[in-house]
Amino acid sequence: MISKIETLPNEILLHIFSCLTWDNMLTSLWSLNARFNSLICLTLSINDNRLNNGLVIVHGLSYNKCCSILFPLILNSSSLCSSIQRIHFDGTNLMSSDLCYQLLFNNKNILHFPHLKSLILTRCGSIEPVIQSLVYLIKYQLDELTLTFDDDIFARFFFLGKRLSKVSYKENQLNMIKEFVCRLFSTQCQLTSLRLDISNEFRCGFLHQCLSSNSDLSSNLIQSCNITLRRLHIRLNYARFLESLIEYIPNLEQISVEFIGSLQIDTLWKSNIEALKQSNENWFNKVSKLQCLSLKSFIDDDLEFIYLKWILNNLNYVKKLQVHIKSCKLDDRKCQNIWKCLIDANFIRQYCLPDRIPNLIDFNFYISSQCQLSYDGIEKIINSFKIHSFFIEHQWTNAKCLYDSIMSCQHLFSSYSNTFRINDSYIFKLLRFGDTCFYSYPSLHLFLQQFNELSPNVSHVKVYETNNNDFDKYGLLMSLKVLSKMRQSKRIDIPFRNVTKIQFGTYFDRKNHNSMMIIDQNEIRAKVLAHLISMTVQLKYLRIERFEWLLDVIQHASNELRINSLTTVRYVEFCLPSCHNGYETIHIGKRLVPFISTYMPHLQTLRLWRPDDFPWTTIRPDYKRYYDDLLLLQWLNSLEAPESIAQHVIIFEQDLCQLIDKLRDFTFLDIYGKIHYKKVEPYRLMVQARFPDSRVNVDVSRFRLWL
């Protein structure tokens, strides 16, 4: 008997299938009939990054389901293997990159997916299986590659360098990455599109030197250039990598360069600034086909402005140019005279464009700088574009200027391209970088004022603190006033209807365990957070700097929090206080599972930042402040004893069992912490015995469990 769904035409069925995740599509519809199998293969064969299709191994997928059901089903079907052109391993919320080689190749090192063209590997936590797979793929198979490494890889290298027994391991791993980066820009690579992020390398800059002319690796591996690469998006620490890179990509047509901090100019240029100013070098003979350039960076001082101008002059023949720059914190000890100028049309023409512009037809800019600005000053800046001959000639007069009085920061951008968006790369997704970057982020209040214009484009809201790791009280009050009005208006088109991710705070770190809080500010912050959460309808990702802030929402802002507003959350991340040090705060961890199971019952991924051990329930005696300081010190010194380790293994097992028993959809736990090396093996053995069908990784600074 033919079911009703089988009577639908293929076009309708394809649309239905495209709305399903690939794992649900396979487990629910595969093998029902030959027609459905053919349509599933057709759906999986579409290679379009915008649709995020193909095999997407991200959070929510069970390790047991992947290894026992999904992977065997795919690998045992030649039609499925042949149809798949795009695979995405997301290591952000899973240890999926560990399975890279296992899924892609069989035991004879033959690729399972003969038509694979696009591979995305984000936050890779394992080097060897990834590099082992990619060396072959970039040479013989792929057209497109996206590759980013997990921050913890380079953090481990940094700390391993302090242990002599691990130095050779560290060097081997680093050399594997460096050799692979060299391969990417050689004849051993046939990619046409590459997105590469090496910005999370520690400041030693080993990777950024691998293409330089005096590098042994580059001379041995790069015999000639990569002649196939057409599109490159790269995130860097050092500008010298860009200078070296230009030598190896002669047929590039589009390049987007994003610096994680400021330009980090080579010391050779710093000592010869006049040569940099007078240089008339041009890179046309090196990358003559380049048409589109995007450059995003912090600019620290006048020298970096000169260097930026030098880069722009070298590439002055491009047709499309995008320049997004932000000021670092102004410092009287530095030469920052250019940043102290009026940021207007004259500034843009002098410092953000090449001197000669023979081909430019599209220009997009965004400038963020510290300053004091009046309303009349804003109007003067906007009008400067309407009377400047260059911008009149190119019809680029419709610039926009916003002033953030809370952050004392000016935001100037080309409104004709609608660049002021809080959710995408225009507001850089930077890691914490000293105290320099917070001044250039728009305050929540400024964002909310512009929200009606931005609303359809906003899917991700980040709320940043000021440089003292807390929120400005006046800014919170102003934001609360705007949010209250937005909710009272009861608009049919809910303002936050497209928001799926909220980040509240910026300091996600093992060291974030300061318990000093201002009570009245906690209440205001809790109400702002409650309003933000309650205005969403499909919130999936929630990053809150401190778990206590969520508890404050329940205590101080329960009336503002919409009922069931957190039930859609699938991923949550926050810092949790120590269970060893402190007094009242050591018991906060006991509230973790009850809170999550009550308000986020469908949670799939939990990431915690801990200052020390992985268990979140304390076994420490309840010492009193000041009176029991000596007893506390004695207890802390006993943590390495076998008896203490055994107790912590037991309490950690209880914590894990409670979490997994209460959350039926839970698949991944990721804890950043710090433990003694003697605990690594007992924790690992406990998890393997208690959860045999899972994948676990334990080291002294991180615990990961994929169920």
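Data block above holds the structure.
Conventions used here
Residue indices follow the written sequence of each chain, beginning from 1 at its first position. Side-chain atom pairs in this predicted model are given and counted only at pLDDT of 80 or more, local residue features only at pLDDT of at least 70, and totals for whole chains, interfaces and linings cover all residues. As a rule here, side-chain values cover all heavy atoms of the structure and leave hydrogens and water aside. By definition, any uninterrupted DSSP run of H or I lasting at least four residues is a helix, any uninterrupted run of E lasting at least two residues is a strand, and each is numbered from the N terminus. Throughout, a contact is declared for two residues whenever any of their heavy atoms are within 4.5 Å. Ring geometry is summarised as follows: Phe, Tyr and Trp rings, the Trp one being its six-membered ring, pair when their centres sit within 6.5 Å, and such pairs are stacked at plane angles under 30 degrees, edge-to-face over 60 and tilted between the two. Accessible area is worked out with a 1.4 Å probe on protein chains only. A residue is then buried under 20% of its type maximum, exposed over 50%, and partly exposed in between. Note on criteria: charge over ring means Lys NZ or Arg CZ within 6 Å of the ring centre, with the direction from the centre no more than 35 degrees off the ring normal. Using only the protein atoms, space was sampled on a 1 Å grid; points where a 1.4 Å probe fits but cannot get out form cavities, open sets with protein on both sides within 12 Å along at least five of seven lines form pockets, and lining residues are those with an atom within 4 Å of a point. Grid points are joined across faces, edges and corners, and a volume is the space filled by probe spheres set on the points. Under the scheme applied, nonpolar residues are Ala, Val, Leu, Ile, Met, Phe, Trp, Tyr, Cys and Pro; charged residues are Asp, Glu, Lys and Arg; polar residues are all the others, including Gly. Paired strands are those between which DSSP finds at least two bridges. Note on method: axes are straight lines fitted to C-alpha atoms, helices fitted across the in-contact stretch only, with angles between N-to-C directions ranging 0 to 180 degrees. Distance and chemistry together define a polar contact, namely a pair of N or O atoms within 3.5 Å, with one atom able to donate a hydrogen and the other to accept it when in protein, and with adjacent residues in sequence counting only for side-chain atoms on both sides.

**A few points about the overall build of the protein**
Scanning the protein from N- to C-terminus turns up 26 helices and 20 strands. Taking all contacts inside the protein whose residues are at least 6 apart in sequence as the whole, residues at least 24 apart take part in 79%.

**Examining the packing of aromatic side chains**
This structure, assessed with the given rule, holds 31 aromatic pairs. Residues Tyr136 and Tyr140 carry aromatic rings whose centres are separated by 5.2 Å and whose planes lie at 40° to one another, so their mutual orientation is tilted. With Tyr136 and Tyr140 both in helix H7 (residues 128-140) and 4 residues apart, this pair spans about one turn of that helix. For Tyr136, a relative accessible area of 34% corresponds to the partly exposed category. Pairing Phe547 with Phe595 gives two aromatic rings, centres 5.7 Å apart and planes at 90°, and the pair type is edge-to-face. On the criterion of sequence distance, the pair formed by Phe547 in helix H22 (residues 547-556) and Phe595 in helix H23 (residues 592-599) is long-range, its members being 48 residues apart. An identical accessibility class is assigned to Phe547 and Phe595; each is buried. We note Lys501 situated over the ring of Tyr541; from NZ or CZ to the ring centre the distance is 5.9 Å. Taking the ring centre of Phe508 as reference, the NZ or CZ of Arg543 above it sits at 4.0 Å.

**A few points about the layout of surface pockets**
When its volume is computed, the second largest pocket comes out at roughly 740 Å³. Lining the second largest pocket are 26 residues; nearest its centre among them are Leu20, Thr21, Trp22, Asp23 and Val56. With 4 residues, helix H2 (residues 22-29) is the single largest residue contributor to the lining of the second largest pocket. For the lining of the second largest pocket, the residue count by class is 13 nonpolar, 11 polar and 2 charged.

**Structural notes on the sheet that holds strand E13 (residues 460-463)**
Here 8 strands make up an open sheet; going across it, the order is E13-E14-E15-E16-E17-E18-E20-E19 and the pairing mixed. A strand with exactly one partner marks an edge of an open sheet, and here the two such strands are E13 and strand E19 (695-699). Sheet twist, expressed as the average angle between the axes of neighbouring strands with direction ignored, equals 5°. Pairing of strand E17 (residues 605-609) with strand E18 (residues 668-672), which is carried by 5 bridges, proceeds in the parallel orientation. Pairing of Leu608 across the sheet is with Ile671, part of E18.

**Quick notes on unusual backbone geometry**
For Arg123, which is not glycine, the phi torsion reads 55° and is therefore positive. Its location among the elements puts Arg123 in strand E3 (residues 118-124). Notably, Gln395 is not glycine yet its phi reads approximately 60°, a positive angle.

**Quick notes on the environment of Ser484**
Along the polypeptide, Ser484 turns up in helix H20 (residues 473-488). Taking relative accessible area as the criterion, Ser484 reaches 21% and is therefore assigned partly exposed. Taking C-alpha positions, Ser484 is 7.5 Å from His531, a pair spaced 47 residues apart along the chain. At 2.8 Å, the side chain of Ser484 forms a polar contact with the backbone oxygen of Leu480.

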